[in-house]
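Structural characterization, general
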Amino acid sequence: MTRGSVRREIDSAAVVHEAQRWLGTPYRHQGCAHGVGCDCLGLVRGIWQTLYGAEPEIPPAYTRDWAERSQDEALWQAALRHLEPKARDDVAAGDVVLFRMRSQGVAKHLGLQVDATRFVHAMSGRGVVCSAFGPAWARRAVARFRFPAQVPPVSKER
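Residues numbered from 1 in each chain as written. Predicted model: local features only at pLDDT ≥ 70, side-chain atom pairs only at ≥ 80, totals over all residues. Heavy atoms only, no water.

Every buried residue of helix α1 (residues 12–21) is listed here: V15, V16, E18 and A19. Taken end-on, α1 shows its buried residues confined to a sector of 165°, consistent with a single buried face. Looking at the buried residues of α1, the elements they touch are α2 (40–52), β5 (107–115) and β6 (118–123). (Buried < 20%, exposed > 50% of the residue type's maximum accessible area, 1.4 Å probe, protein only. Helix = DSSP H or I, 4+ residues; strand = E, 2+ residues; numbered from the N terminus. Arc of directions from axis to C-beta. Contact = heavy atoms within 4.5 Å.)

This is the structure in C-alpha cells:
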C-alpha cells in the first residue's frame, strides 16, 4: 500500500492530544523537535509529522522579522496550500489559528485551539504553553484552518 492510499482519519481529538503533548517544550527559533525545542511553526510542523509523516514542504530559513519589509503573507499562503481553511469565527478544537501580532504587520504566529477558551502555542522565552484564548488573542486571529481529515499524498516535488 502506498502512502497516498492510506485512509486513516485525522480528527480534532488527535490534534489536541498531540498539541498538549508538546507542552513544556522549550522555545527554539526554527526548531521542530518535541521536548528539545520549537517555535510556533515548528510546533505545527511537529504535529503534522506525528499525524501524517513527511511534511508536504520544508520551509526555508527565516529570521524573526521575516516578511515584515515585503509584507509577504508567506505563512498564510503556506497554510492555504496544506490546511483546510475555515471561517475565522468558527472556533473548534484542533484548529490551527493564524495571528497578526501587529495591526500593520504580517500574520506570523500560529497556535492550536484546545477548546473555545484555550490554545497551545510556542512563545519566545516561555516555550510551548497553553494560553487563554481571550479578547486580546481573538482580536489578533486573522485566519483559521483545520488539518486535512485524511493523510495527504506525499508530493514528488519535495
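Past the structure itself, the notes keep going.
Taken as a whole and assessed by the stated rule, the structure comprises eight aromatic pairs. Relative to F119, the ring of F99 has its centre 5.3 Å away and its plane inclined at 40°; by these criteria the two rings are tilted. Of the two residues, F99 is situated in strand β4 (residues 96–100) and F119 in strand β6; the sequence distance between them amounts to 20 residues. Looking at F99, the relative accessible area reads 0%, which means it is buried. (Phe/Tyr/Trp six-rings, centres within 6.5 Å; stacked < 30°, edge-to-face > 60°.)

With that settled, consider the state of the cysteines. For the coordinates displayed, the defined rule picks out zero disulfides. In this structure C32 is a free cysteine whose sulfur lies 7.4 Å from that of C38, the closest cysteine sulfur available. Classification of C32 by relative accessible area gives buried; the value is 18%. (Disulfide = S-S within 2.5 Å.)

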